[in-house]
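Structural characterization, general
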Amino acid sequence: MACLKALIPMSLQQVLPLWKQIIGLYFSVVFRFSEVHRDLPSGQLMEHLDTVEREQLRLPKAFAEDFNRRFGEVTKRILQVCEDEPDFSTILASSFVVRALECLACWACGCWGLLVGPLQFVVAPLSFTGSFIRFLTNVSDCLLHYACSFVVALAFVLTGHNRGPMMTIDTRFVVGFLSIDFLLNCLVYVVTSERFGAQRLLLHAAYGTFNTKTYFFVVLGSLFGYRFDLRVVILTGLLTLAVKSYGLHKTILKGCGWPCFPVCFYVEHRIGHLPVVYQHAHKMHHYLHDTTAFDAHIYGSGMNEEFFWIWAEVLPCLLCPSLFFPYFLNFDTLYMSLTNKPAHTRTCEGSCWSMAEDNFHADHHTLHRANYGSALGVLLDFYFGTQGSQTKGAGGLAYQRSEEGDQIVLQVQRAQGPLSVPQNQPPKMEEDLHVIRDAKLVVTEEQLAAHHSDETGVWIALKGGVYDVSAFHRIHPGGSQIILDHAGTDATDVFTQVGHSQKAKAMAAKRLIGRLKGRRSERL
Ligand code: HEM
């Protein structure tokens, strides 16, 4: 019974209202960015900033406050409902089993194997909202692909052209596609990445490949034997690129009132980091606390965030076999997939990609709770105050944030040189032997606050207990910076929201030195 409870973490009565609230949160904020700036929803503001030397933006604080308040309310609600959350390792293992079964089923029974997929919502119920909102972020690109494919295929039919050279999804195609992808990942690592060391790199290659590339096993297994016209692939790809480069896509989106990618991505990504929603889906993409091209998917999402994308690849092809081919084969998608590899790489200085991204997103993978925006959405992090405490900007633009009355003032200027922030070395657990056995100190708020840096020693309070993390913060898997940012304070809320594992709580217990004056030290 206990085992079943661990595998099915939430009842339907708990899950349905949360789904409604989380999806409701997305829709209640994503269409309101014109309240920040007229040209923000269309992305024209970011394009404009890209052309200036220096600019000052005065943006209303009210929207940021309302946005953060709504996130706070949903966070509180989730934590109330999910008091007995199972450990992340159970969710991870059961999600991997579901994915492995889905791969096997798709290769054994074709598209019927997709019916295994919804099992992920049993073992990780909040991955429904994670994958649905993830889908919404890029749905316009997907619709554009199928529209272009339809136009091209129809043009061939109407002009009476015979079928051209055909491509079949067979074993050669699958092996070829996955091998090219893997080689590109290796190439990106060799050319642009900071060195990870053999063991760490192997872990990224193995985990990242399983977490992101089993997507293709499912899609290609479902469509095994599917045949499509190569001419349609080429012309659809070219048409999509043309529609995008002439700005038609943006104009259509603007006409429909649908916000641009950086806005959708920022909102969706912050929702992906809500407690429990995170453990059920997006944490799989963060599991290794840093990133390489192997962890990058078409858009960077991992296993439990891919559900709706898999269906969007397969269903149109099954319904209209002569018209469509899978979305991931569109040139535009392949190009996005390619650029996403260096974006998910901690680039070394001097490499061709280091200036473009300035490790903004790689830093997100070590800071976890900062730098949520895409490369074009850096402005949003600075507006909402979610930029890393050391983050200076990205893409050649440096930002400075301040608040004046009811306004948020952003000073934006072209940066001289790279904006990357040096990160700590990867954690080595054996370095931290700072184990304290006597946990009897009674600590006042002032004493806690006095331990706020490497010079003074780093203490944090969690649920009434006081923890000495002076040595540990340097090897903390969630990064040293986040602990330094909370040094000398009560960090219970953030610690809880992150959803630390039982292992993490046991590690914390070894660093307990006492309790806050007037409080009991509760179990984490
Ligand atoms: C003694 C105290 C702490 C210990 C022993 C600890 C340990 C860990 C461990 C082992 C992980 C890896 C993931 C897991 O196993 O859960 C982790 C991740 C993380 N920790 Fe901590 N931590 C501590 C305090 C904190 C505090 C105070 C914060 C925030 C203020 C924090 C923020 C994070 C974040 C953001 C992650 C990454 C989350 C993820 O990707 O899943 N930690 N921590």
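Each value, and the rule that gives it
Residues numbered from 1 in each chain as written. Predicted model: local features only at pLDDT ≥ 70, side-chain atom pairs only at ≥ 80, totals over all residues. Heavy atoms only, no water. UniProt positions renumbered as here; feature names shortened; annotations may be inferred. Helix = DSSP H or I, 4+ residues; strand = E, 2+ residues; numbered from the N terminus. Donors = N, O, S within 2.8 Å, 3.2 Å for Na, K, Ca; no water. Tetrahedral: all angles 85-135°; square planar, octahedral: opposite > 155°, others 65-115°. Buried < 20%, exposed > 50% of the residue type's maximum accessible area, 1.4 Å probe, protein only. Pairing = 2+ DSSP bridges. Axes fitted to C-alpha atoms, helices over the stretch in contact; angles between N-to-C directions. Parallel < 35°, antiparallel > 145°, perpendicular 65-115°, else oblique. Contact = heavy atoms within 4.5 Å. Nonpolar A, V, L, I, M, F, W, Y, C, P; charged D, E, K, R; others polar. Expected span 1.5 Å × (residues − 1). Arc of directions from axis to C-beta. Polar contact = N/O pair within 3.5 Å; in protein donor to acceptor, adjacent residues only side chain to side chain. Near = heavy atom within 4 Å. Domains from an automatic or database assignment.

- The name given to the protein in an unreviewed UniProt entry is Cytochrome b5 heme-binding domain-containing protein, and the organism recorded there is Durusdinium trenchii.
- Regarding the protein, the relevant UniProt record gives this comment under Sequence similarities (unreviewed entry): "Belongs to the cytochrome b5 family."

Some details on the UniProt feature "domain: Cytochrome b5 heme-binding" (unreviewed entry) in the protein
- The positions UniProt marks with the feature "domain: Cytochrome b5 heme-binding" (unreviewed entry) are residues 440-517.
- Along residues 440-517, the helical share is 35% and the strand share 26%, with 11 Å between the first and last C-alpha atoms.

A few points about the coordination of the iron atom of the ligand
- Distances from the iron atom of the ligand to its protein donors, namely His476 (NE2) and His500 (NE2), fall within the range 2.0 to 2.1 Å.
- Around the iron atom of the ligand sit six donor atoms, and with donor-metal-donor angles ranging over 83 to 179 degrees the site reads as octahedral. A residue pair is termed long-range when its members are at least 10 positions apart, and histidine 476 in the loop between β10 (465-468) and α20 (480-485) and histidine 500 in the loop between α21 (492-498) and α22 (502-509) qualify at 24 residues.
- We classify histidine 476 as buried; its relative accessible area is 14%.

Concerning the UniProt feature "transmembrane region" (unreviewed entry) in the protein
- Here, UniProt's "transmembrane region" (unreviewed entry) annotation points to residues 104-123, 143-161, 173-192, 204-225 and 308-329.
- Segment residues 143-161 splits into 84% helix and 0% strand. End C-alpha atoms: 25 Å apart.

Let's talk about the pairing of strand β9 (residues 457-462)
- Counting buried positions over the six residues of β9 gives six, a clear majority of the element.
- Here β9 shows two buried faces, one formed by Gly457, Trp459 and Ala461 and the other by Val458, Ile460 and Leu462.
- Between strand β8 (residues 452-453) and β9, which follow one another and run antiparallel, lie three residues.
- The pairing of β9 with β10 spans four bridges and is antiparallel. Residue pairing across strands places tryptophan 459 opposite aspartate 468, the latter belonging to β10.
- Counted between consecutive antiparallel strands, the loop separating β9 from β10 contains two residues, among which lysine 463 sits at a positive phi close to 45 degrees.

Observations concerning unusual backbone geometry
- The phi dihedral of histidine 368 falls on the positive side, at around 65 degrees, and the residue is not glycine.
- Here histidine 368 lies in the loop between α17 (360-367) and α18 (378-384).
- On the basis of relative accessible area, histidine 368 is assigned to the buried category, the value being 9%.
- Its identity is not glycine, yet asparagine 371 carries a phi of approximately 55 degrees, on the positive side.
- On the secondary structure map, asparagine 371 appears in the loop between α17 and α18.
- For asparagine 371, a relative accessible area of 0% gives the class buried.

Thoughts on the packing of helix α12 (residues 261-272) against helix α13 (residues 277-286)
- Closest axis-to-axis distance for the α12/α13 pair is 8 Å, and the angle between their directions is 110 degrees. One element, α12, and the other, α13, form an angle in the roughly perpendicular class. Side by side, α12 and α13 meet where His269, Ile271 and Gly272 of the first sit next to Val277, Tyr278, His282 and His286 of the second.
- Across the contact of α12 with α13, the residue classes break down as three nonpolar, four polar and no charged.

Remarks on helix α10 (residues 230-245)
- Between its first and last C-alpha atoms α10 spans 23 Å; for 16 residues at 1.5 Å apiece the expected length is 22 Å, and the two agree.
- Buried residues of α10: Val232, Val233, Thr236, Gly237, Thr240 and Val243, and no others. Relative to the axis of α10, the buried residues are bounded by an arc of 135 degrees and lie together on one face.
- Buried residues along α10 sit in contact with α7 (127-158), β3 (227-229), α11 (248-256) and α15 (331-343).
- Capping the start of α10, aspartate 229 holds a side-chain oxygen 2.9 Å from the backbone nitrogen of arginine 231, two or three residues further along.
- Two residues or fewer after α10 comes glycine 247, characterised by a positive phi angle close to 80 degrees.

Things to note about the site of the ligand
- Taken together, 24 residues surround the ligand, and among them Tyr278, Lys283, His476, His500 and Ser501 come closest.
- Tyrosine 278 places a side-chain nitrogen or oxygen 2.4 Å from an oxygen atom of the ligand.
- Mapped by element, the contributors of at least two residues to the shell around the ligand are α13, α20, α21 and α22.
- Its residues assigned to classes, the shell around the ligand shows 14 nonpolar, eight polar and two charged.
- Inspection of the shell around the ligand shows a minimum of three residues originating in each of domain 1 (87-350) and domain 2 (429-516).

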